Amino acid sequence: MFEPVLLRNVGVPDGHLLATYRAGGGYQALAKALHEHTPDEIIDLVKNSNLRGRGGAGFPTGMKWSFVPKKAAKPKYLCCNADEGEPGTFKDRIIMERDPHQLVEGMAISAYAIGAETAYVYIRGEYTLAIRRLERAIAEAEAEGYLGKRILGSDFSFVVHIHCGAGAYICGEETAMLDSLEGKRAQPRLKPPFPAVEGLYASPTVINNVETLACVPHIVMRGPNWFRGIGPDKSPGPKLYCVSGQVRKPGLYELPMGIPLRELVEDHAGGPPPGRKIKAVIPGGVSAPLIPALGLDVGMDFDSLAAAGSMLGSAGVIVIDDSTCIVKVATRIIEFFHHESCGKCTPCREGLNWVVKVLRRVETGQGAPGDLEQLKALCNGIFGNTFCALGDGAAMGLRAALAHFEDEFVAHIEEQRCPFNEKHAGRELLGSYG
Amino acid sequence: MVSVTINGQRLDVEAGSTVLQAAERLGIEIPTFCYLKRLPALASCRMCLVEIEGQRRLQPSCATAIIDGMVVRTNTPLIDETRSSMLDMLLANHPLDCPICDKGGECELQDMVMAYGPRESRFRDAKRVFHSKDIRLSPVIIMNVNRCIQCQRCVRMCEEVVGAVALGTVEKGMDTAVTGFEGSLASCDQCGNCVEVCPVGALMSFPYRYKARPWDLAETDTVCPHCGTGCQLTVGARKGEFMRVHSKWEHGVNRETLCVRGRFGLDFVESRDRIKRPMIRRNGALVPVSWDEAGNYLRERLSGVESKAMGGLASPRLPNEMLYQFQKLMRTVFRTNNIDCSSRWSTPFDALGPLVAGFYTRAPLEELIGNDCVLVVGGNVTDENPVTEYLLRDGARRRQTGLLMLSARPSRLDADARAVLRVRPGSEAASLAAVVAGLVAAAGQASLADVFADLGAATDGPAVTPEDGGAHRLAVALMEGKSVTVLVSADLLRSPEARATLQQLNNLLQLLRALGKGPAMQFLFDRANQLGAWDMGVLPAVLPGMRPVVDVAARTTLERAWGAEIPSEPGADFEVMLELCDSGQVGALYIVGSDPLMAYPDREFVKRALGAAELLIVQDSFLTDTAGLADVVLPAAGYGEESGTLTNNEGRAQNVRKFREPAFEARGNLVIFDFVATLRDQVLRPSTQGEIFDEIARLIPSHQGLSQDQLGPDGAFTMAGPPPPAGEFFGPPPTPTAADGLTLITGNCLFHNGYISERSEILNTVADDPYVEMSARDATQLGLSDGDEVVVRSAQGELTAKLKVNRHFPGGLVFVPENYKTLRLNSLMRRREYPCPVEVERAQATFEIATAAGPGL
Ligand SMILES: Cc1cc2nc3c(=O)[nH]c(=O)nc-3n(C[C@H](O)[C@H](O)[C@H](O)COP(=O)(O)O)c2cc1C
Ligand code: SF4
Ligand code: SF4
Ligand code: SF4
Ligand code: SF4
Ligand code: FES
């Protein structure tokens, strides 16, 4: 059994309270960081740990921090991305609900490392329990001197503000998040300048995911080598996997990076319901292209999944069994992206609208010859040409569905109906978590 | 420099240049929608994607800075396909109602589809429809959201260039729509720049709606007649009927921008109060007569007043040639130097002359704003010279120009300024003196001791101590600037303290020059050809070329060229002319294109004085109040009915062109001057516009070498003479008397700047009702609130208008725009008193409201 790191307090009663957290050794990492390390040493620790961002892109965290200019006329900011908008993803929520101090401590150490005195947590508005618990944790930490002025007797002062999102997926994209924090309409910004140089209020800013930040205290306490020893060297560490869909034991699993997808789905999550076979798995939230059953031996880490034509993304693992219509899955996913497109760029805004119209027709048995070619052409027009990764993700997912399950699409058009319709009322898909 | 290769062609460009800019220089066309030269790149339309060697994805050329050695391709099958695909997607939901779209024929989407689009669309689903009826966003703007391609050019233009932030974007994805706050344009300037930059028929001009097809329009490039910014614009007329204005994207001081007056305020040419025929006064009334009859009458009257003084006033909106000919007529035929060119103030030339000669910088404003420090003195540039304001905002936001404001009136530009010094009206001279003193202090005596040894020789040096915090901050900012530009609102000339203000400006500029800040200076005139009028010598003490009348050499040169004598003594300015009239000493007063009865302070006096002139001749295209007093009224060609040149604030001479024939029996101004000269049995040579231009170019040094054919779409710059040797350093100004009460100042508002704007139906529709502006504090103290009818009362008279509470106003300040005919503001004002002390109170209700209805109601 893998000994949980990030979820260590999750099963503990009152795990969200400071007393519990402290009893388990909480805030020792902060004390250690402040008293024994310079900020640069912390950055080096994180660099050496090979920690990569858990928000989706897998960017090396230590390297991101090192882009922040050492001398800047403006204040620096840390932003914690707790928007967790990716369908199939619920890991950050559990951290914030069950062990919020882990995040607070992680933010404090990270802010110390980059020289920020202010952090904003951009948190998904629907996460009401998480918001309450994080607010409470911040208050507790302030009262005990883990936040505020001259923390633990050091020169380091640091405050955390919570900002609740209003429900747009695009706010999870880091630069759109900055616009939203500034009170503007959230749309991704042009890069360069990168946020590390010109981010929030045009000041140097680091944006990290909740899980990324939660790893930091452990790296400080146990050292980078311990962290690198878990999973593949280039993509190491304990990892939270959110398993949902048609499996017997959906839920949040903490396991090493790089474990085979098959092991995760079949052993840990119990495999498909009785009598069903796995048809495909989406390994990293709906932005990640699905992997057909044949490919389940892939390792769940950034590099292995990329090599397999998909991505780890937010590690939202969605299992699809053979009772489910892929055309329907593809349609729902594209409908999501279409709804969440911020509207800035032509291919995503206009292209997805067109795609949705065609897919809905195909799904409901009104497809026409040429529709599949049109869908492929639209994917070509969208993929690689959008302003941010949202549009790309949508096109990639549809491409994968078309590539691996073209026969299902063809059947819809030829039969002018959904072949799964009688067998399957179609509510379960994506509906088994939350 | 970095090098780039595009489609095999190599080019060296400045570091930081984008691929798009480099391609443009190589003549390689890259299609764009969201890109707009003067805005930061948005990179959202994805039309401009190109292949860059070593990059996995296509890159937006509008936002990709060149890295040395970059290899770019724009002509590959992938690019063709991508462009076609973007257009295909844009067309999918586009209504394709081109046949009834005003943009049809000049639509960028249409053009782009023809050039790069798919031959046929495979879209066969239902289109998205936002609304079936177009949305009227403002009196001048109508919107069809269905046609919008989301380039956001309009929104960015409105926010970043105009500074109005009236347009915004709501919703997301396919529901994204451009609109105003709650569906209307609350803070809108009605400038129409959003309409201008909209590539498709989404934002449209309401006045032009369904009026014409672009290919039916005869287009004429000309210059805006309203303010001294002198924007280039293109008039579209159909069969001689005025249809619309649009801007010429690459040219002039303004490029694609205009303000509301330029874009929508040209319909005054169709105003109904044109003077149709000559008129003479018979039995107390003006009666229409033929030109011949008017000539006979005028000949007779003129010979009857020969022994008395003559005087002339011409509008600073008239083209140079007309102004030049007018002063020549006055000087050589009527043998007088009594000429002036402002119906609102008289100009102390003794202070103005050295300032202009020493510092006026005849160069593109764009260049002046490139200086890292720009001080704007007086006025309200947002309202008076809107397009100048856009450029200043651009400087402050994108070129790191440090903007400094010194004025009594707040303006929108204050928000972009590094420092604002709000001065009490009338204390501009003192404030400038404080800035000068602050600058001396900021510079540290050590380095300046020598400077002042030189300058101080003339006077005692600046005597004001820099106690004023604001002045000190301004001085420090000026000191920090490497190069300084000073822009001066002509508004300052209103004050009886104008002389002192000009002198202090001179001190400041001399000091800046001594400090090596190479100061540049321009005036911000609110009249299209004010600088031209000065250049042409329409001033009592100045000959063409701004040379003093008393300058014998200058006078002789002109006398020789003109073959006539010029009176050797400086003449009377308009103020003095009026006084001469009033005391019965004026035989004939000749007023061209000007309406002093509306504009000059003390309406009663002006009326009496004009009435006391034995013969009042008014030559105008509109029946002004002044014309109503005239003995002879001569109908003149209006704007667009004769060609000439205007000189804008930058000193840029530009062609103002004819786009239709003079209306009714009106004649060209030059023709009328000839006509009048003939009545005195004289001829003015040369007499055609082109020949006069050539004479100007020959005789006026600043215009030397110009030829009218060379005034291309950007005009041509007149030249400043060599700066005279450092002049005297003027002593401190009189200390302004501190007034406790409210003081009234005036100026232009955004929608109006004089009697032509008042004749624009569209401007009258969009302009606010006549209003009085004051601070929230004063209003509260007086128990007044926004929208109340209030009475403004001076020692001289009173007016009633709506109160506008302006939270940016300083206490004590009351502003009434000078442009509303109905207000008769000048009946409140006294001569030689400005600002004007006033009281403000709630207007008496005109009807009683029934009080205290009984219970049970
Ligand atoms: C459309 C879109 C949505 C995203 N949503 C999230 C999100 O909900 N949470 C998150 O942490 N990162 C999200 N990201 C990734 C962030 O942009 C960013 O990469 C991340 O927050 C960086 O943190 P990390 O380096 O710790 O992963 C999203 C990215 C895109 C393009
Ligand atoms: S791809 Fe374009 S439209 Fe889609 S979310 Fe990103 S920026 Fe917005
Ligand atoms: S007219 Fe001018 S101020 Fe009004 S919305 Fe358009 S750009 Fe903005
Ligand atoms: S209204 Fe016109 S300018 Fe504005 S976003 Fe739409 S297409 Fe672009
Ligand atoms: S700024 Fe002046 S010249 Fe330009 S359009 Fe406006 S009124 Fe005309
Ligand atoms: S012009 Fe470059 S993306 Fe629009």
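Whatever comes next refers back to the structure up there.
Residues numbered from 1 in each chain as written. Chains lettered and ligands numbered in written order. Predicted model: local features only at pLDDT ≥ 70, side-chain atom pairs only at ≥ 80, totals over all residues. Heavy atoms only, no water.

Draft legend 1. Inspection of the sheet that holds strand β3 (residues 159–164) of chain A at higher detail. All names here are of chain A. Spatial strand order, β3-β2-β1-β4: four strands in an open sheet with parallel pairing. Taken across any chain shown, the strands that pair with only one partner, and hence form the sheet edges, are β3 and β4 (205–209). Going from strand to strand, the sheet's axes swing by 20° on average, the running direction of each strand aside. Relative to β4, strand β1 (residues 77–82) runs parallel, the two being bridged by five bridges. (Pairing = 2+ DSSP bridges. Helix = DSSP H or I, 4+ residues; strand = E, 2+ residues; numbered from the N terminus. Axes fitted to C-alpha atoms, helices over the stretch in contact; angles between N-to-C directions.)

Draft legend 2. Fine view of empty space enclosed by the protein. Counted under the stated rule, the structure contains twelve cavities of 30 Å³ or more. Grouping the constituent residues of the lining of the largest cavity by class yields 14 nonpolar, seven polar and six charged. In this structure, the second largest cavity spans a volume of roughly 150 Å³. Split into classes, the residues belonging to the lining of the second largest cavity amount to six nonpolar, six polar and four charged. (1 Å grid on protein atoms, 1.4 Å probe; cavity = no way out; pocket = protein on both sides within 12 Å on 5 of 7 lines; lining within 4 Å. Points joined across faces, edges and corners; volume = space filled by probe spheres on them. Nonpolar A, V, L, I, M, F, W, Y, C, P; charged D, E, K, R; others polar.)

Draft legend 3. Layout of the packing of aromatic side chains. Counted by the stated rule, this structure contains 27 aromatic pairs over all chains. Between the aromatic rings of A:Trp226 and A:Phe227, the centroid separation amounts to 5.9 Å while the plane-to-plane angle is 65°, which identifies the pairing as edge-to-face. Considering the side-chain rings of B:Phe523 and B:Trp534, the 5.7 Å spacing of their centres and the 80° angle between planes classify their relative orientation as edge-to-face. Remark: B:Trp534 occurs in helix α17 (residues 530–535) and B:Phe523 occurs in strand β22 (residues 520–524); sequence separation between them is eleven residues. Among the residues examined, B:Trp534 registers a relative accessible area of 0% and is labelled buried. Here the aromatic cluster, defined as three or more aromatic residues joined through ring pairs, consists of B:Phe268, B:Phe622, B:Tyr639, B:Phe659 and B:Tyr755. Here the basic side chain of A:Lys344 rests over the ring of A:Phe387, its NZ or CZ set 4.3 Å away from the ring centre. Lying over the aromatic face of B:Phe675, B:Arg667 brings its terminal NZ or CZ to 5.8 Å of the ring centre. (Phe/Tyr/Trp six-rings, centres within 6.5 Å; stacked < 30°, edge-to-face > 60°. Buried < 20%, exposed > 50% of the residue type's maximum accessible area, 1.4 Å probe, protein only. Lys NZ or Arg CZ within 6 Å of the ring centre and 35° of its normal.)

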